[in-house]
Amino acid sequence: MSIPKVSVILPIYNVEKYLDRCMNSILNQTLSDIEVIMIDDESPDKAPQMCDEYALKDCRVKVVHQKNMGAGLARNEGIKIATGEFYAFIDSDDFVELDMLERMYNLAKERDLDAVCCGITNLNPDGSLKYNQFCYPEYKQLNSNLECRKIAVQTIKTVKVQLGEKLFQFHRWAAWRYIFKADIIRKYDLSFPSERDVFSEDLMFNVGFLTHAERVGYIPDFLIYHCYNVESLTAQRGKITDNKRLTNQFVMMQKIINGNGYPKNANRAVCNWFILRVFINMKNIARSDYDYKKKLSLAKELIDSKEAISLLHDKIDFQIKSRRFKFLLKALFKGWPRALLLIARL
């Protein structure tokens, strides 16, 4: 049996209403030499039975049923059995253009790319157009590991882009925008952390991949329809982030950049990311409906994250210009939870 050109890995959870739309767009791809790995993450609806039915209908479909572990670890189960040249991590409540995989795979082969990223069309829950997003308005290619690492540092930051009269924020780190060369994932044993343990499992995976990549292409074409599903794995996270997920991600990102020879600006990007996320989270906590005792306990929980706070203290080797962030850091380092809440409310 020949090696599939692309392995499509689909975590499945609470997507009964959307699964047929997603699978129709994948199984009818103009690139037919693919395998589709459906990871049923103990979905409580009819999606598990639908997965089995797809496997009976199409020999390219493989199904794994597992205890609920979240999207990141579900993708890892798919990686374990995937056999394709490239991997695509598509969300099962999204759908894609019928020529998406062919266009991205052909480009990767023609230009010897380690990964290809495409633009996306964001849809509202009712299916109406929200807005389109691209990483770059024209085709862009990275041609060295140094360039890939520079983009990894930029990926940590939130990017703002002007579209018409509106300013949108978007993220290059979403894994479902890419196809990734399997050889790099296997060689460096790359995997997704659990979204229950970190703020963004996709960001962690992409930074890890770009750390080892040499050539990456970004196409502006909108090939994925990204749909907001309030019952999905991602949407369950809510506005207030678990402090442990933030601190875990900060520690893990510091280990990646410190262990792989990144320049000093990478440390600055990671520290700025953490400070901003801490501020946003404390702001959401301070303005929430929690009583003051609960808010105070969450502020104390953050301060008690000794490894992350100590690491931040050691890694701040640059000037913080914002007075608010200066006070935030002082409250963190001095262990003042009430001051944290006060700063967040200002």
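All of these numbers come straight from a predicted model, not from anything done at the bench. (Residues numbered from 1 in each chain as written. Predicted model: local features only at pLDDT ≥ 70, side-chain atom pairs only at ≥ 80, totals over all residues. Heavy atoms only, no water.)

1. Here we look at the pattern of salt bridges
Test applied: Any carboxyl oxygen of Asp or Glu within 4 Å of a side-chain nitrogen of Lys or Arg constitutes a salt bridge here. Numbering of helices and strands starts at the N terminus; helices are DSSP runs of H or I of at least 4 residues and strands are runs of E of at least 2. For each residue, the accessible area found with a 1.4 Å probe, counting protein chains only, is set against the maximum for its type, and the residue is called buried under 20%, exposed over 50%, and partly exposed in between.
Under the criterion given, the structure shown has 13 salt bridges. Close ionic contact of Lys 62 with Glu 35 constitutes a salt bridge, the shortest N to O distance being 2.9 Å. Separated by 27 residues along the polypeptide, Lys 62 in strand β3 (residues 61–65) and Glu 35 in strand β2 (residues 34–40) bring together distant segments of the chain. Take Lys 62: its relative accessible area is 32%, and that puts it in the partly exposed class. Taking the relative accessible area as the measure of exposure, Glu 35 reaches 4% and is therefore buried. Among the salt bridges present, the one from Lys 109 reaches Glu 85, with a minimum N-O distance of 3.0 Å. Of this pair, Lys 109 sits in helix α4 (residues 100–111) while Glu 85 sits in the loop between α3 (71–81) and β4 (86–89), and the two are 24 residues apart along the sequence. By relative accessible area, which is 27% here, Glu 85 ends up partly exposed.

2. Points about the side chain of Arg 75
For clarity, the cut-off: Contacts were defined at the residue level, with two residues in contact if any of their heavy atoms lie within 4.5 Å.
Summarising the element assignment, Arg 75 is placed in helix α3. The class for Arg 75 is buried, based on a relative accessible area of 2%. When sequence neighbours within four positions are dropped, the list of residues in contact with Arg 75 reads Ile 9, Pro 11, Phe 89, Asp 91, Ala 175, Trp 176, Phe 192, Glu 201 and Asp 202.

3. Considerations on the packing of aromatic side chains
For clarity, the threshold we go by: Aromatic rings from Phe, Tyr and Trp, with only the six-membered ring used for Trp, were paired whenever their centres fell within 6.5 Å, and each pair was classed as stacked if the ring planes differed by under 30 degrees, edge-to-face if by over 60, and tilted otherwise. Consider the ring centre and the ring normal. A charge sits over the ring if Lys NZ or Arg CZ is within 6 Å of that centre and within 35 degrees of that normal.
Inspection of every chain in the model, using the stated rule, returns 15 aromatic pairs. Measuring from centroid to centroid gives 5.8 Å for Phe 86 and Tyr 105, while their planes differ by 90°, and the two rings are edge-to-face. Residue Phe 86 is located in strand β4, and its partner Tyr 105 is located in helix α4; the two are separated by 19 residues in the primary sequence. For Phe 86, a relative accessible area of 3% puts it in the buried group. Among the aromatic residues, those joined into a cluster by ring pairs are Tyr 87, Phe 89, Tyr 136, Tyr 178, Phe 180, Phe 192, Phe 205, Phe 209 and Tyr 218. A cation over a ring is seen here: Lys 57 above Tyr 54, with NZ or CZ 5.7 Å from the ring centre.

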